[in-house]
Amino acid sequence: MKKYLLFLLICVGLISCQDPNNTSNPPATTTTQKPMPKIDYPSFDGEATKALIQKQVDFGPRVPGTPTHKACADWLEATLKQSADKVIVQKSEVTVYNGKQVPMYNIIASFNPDNKERIMLSAHWDTRPFADQDVERVNEPIEGANDGGSGVAVLLEIAKMLKQKPVKLGVDIMLWDVEDYGKGAAETYCLGSQYWSKNKHIFNYRAKYGILLDMVGAKNAIFYQEGTSLNYAKFVVDKVWKAAHESGYRSYFSFDKADPITDDHLFINALAGIPTIDIIQYDQHSPEGFFPQWHTHEDNMEQISSKTLKAVGQTLVKVIYDEDAR
Ligand code: AHN
Ligand code: ZN
């Protein structure tokens, strides 16, 4: 019995010697690195984020050119004005796949607008005018809880957080319009981000990198490292996946690769030259490619998980506050 007690005491002694904050005797390999400041990361609220998706869905479909689209644009602008230092709504008209002209509102909320060190966080806020992956009512608009609502909600919650716990870093939250009015050619998608990439809201706008969110709210989502992101911005993929794993969300962020896709980040990379990745539920081996209810009337609140939203939001929190501490 005494032997066991002695053994236990030795164990406790050894463990207590491994103090991670022990600076009196640092290992030789870390002596040249500057000490990492201890950061108090705010906790990201997945439930509040889910409520922000519900709020968008309650407007009805956010199809460009409809009254519900305009109503939601006004709400997004007003909501972001409560947190951001400056909100710019970039207004124009764009021509969709069938030649029809529709109004476009890109909504851009800036924190620390005078800081030249900036990062860009974005998502599309419009929803698809048709349900072309469904078996019924294929010509009616979808609710777009995940495809449209989820990325926006995460960014609205991030905006609230940046107001509560400010950073010195410049952060731009950009909500793209007319992403999902495409049919056929890839260039018929992402009209809002294409417009911005050719007509920045600020002359000579630059950001170190960008992170796009698309379909980030479904239950059991897995985010693979998507090919376009790897082709243009591998260092951002590495940074974000590392942050996810260090935040405890390795089960959501897989190191496996997925084929390149067309999304807003492609045009931001190719036209604006800002290295940008897409966090998106995409797997070319799955039957639908995207989440199972993609472009159907089942893209509704039932598919949304506050846990998935939390995994994505908390990962962004780590990226933002680490970047600010650099
Ligand atoms: C295409 O379907 C060409 N790209 C996927 C982009 C997308 C659609 N994101 C949301 N809906
Ligand atoms: Zn879509």
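Our structure is the block above this text.
Residues numbered from 1 in each chain as written. Chains lettered and ligands numbered in written order. Predicted model: local features only at pLDDT ≥ 70, side-chain atom pairs only at ≥ 80, totals over all residues. Heavy atoms only, no water.

Q: Quick rundown of the nonpolar core? Include the residues and the values.
A: In this structure, Ile158, Ile211, Leu213 and Phe253 are the most contacted members of the largest nonpolar core, which totals 65 residues. Of the residues forming this core, the biggest block, 10 residues, is contributed by helix H4 (residues 145–164). Among all residues touching leucine 213, those that are not within four sequence positions of it are Ser122, Ala123, His124, Gly151, Val154, Leu155, Asp278, Ile279, Val312 and Leu316. Met120, Trp196, Ala207 and Ile274 belong to the second-largest nonpolar core, a separate cluster that totals 11 residues. (Core = buried A, V, L, I, M, F, W, Y, C linked by side-chain atoms within 4.5 Å. Buried < 20%, exposed > 50% of the residue type's maximum accessible area, 1.4 Å probe, protein only. Helix = DSSP H or I, 4+ residues; strand = E, 2+ residues; numbered from the N terminus. Contact = heavy atoms within 4.5 Å.)

Q: Lay out the packing of aromatic side chains in plain terms, naming residues and giving numbers.
A: Tallying each qualifying case throughout the model produces 12 aromatic pairs. An angle of 40° between the planes, with centres 6.4 Å apart, marks the rings of tyrosine 97 and tyrosine 181 as tilted. Of the two residues, tyrosine 97 sits in the loop between strand E1 (86–95) and strand E2 (101–111) while tyrosine 181 sits in the loop between strand E4 (170–176) and helix H5 (191–198), which places them 84 residues apart along the sequence. Here tyrosine 97 falls in the partly exposed class, since its relative accessible area comes to 33%. Look at tyrosine 181 and you get buried, because its relative accessible area is 6%. Ring pairing ties together the aromatic residues Tyr97, Phe130 and Tyr181, which thus form one cluster. It is lysine 70 that lies over the ring of tyrosine 105; its NZ or CZ is 5.8 Å from the centre. One cation-aromatic arrangement involves lysine 200 over tryptophan 196; the distance from NZ or CZ to the ring centre is 5.6 Å. (Phe/Tyr/Trp six-rings, centres within 6.5 Å; stacked < 30°, edge-to-face > 60°. Lys NZ or Arg CZ within 6 Å of the ring centre and 35° of its normal.)

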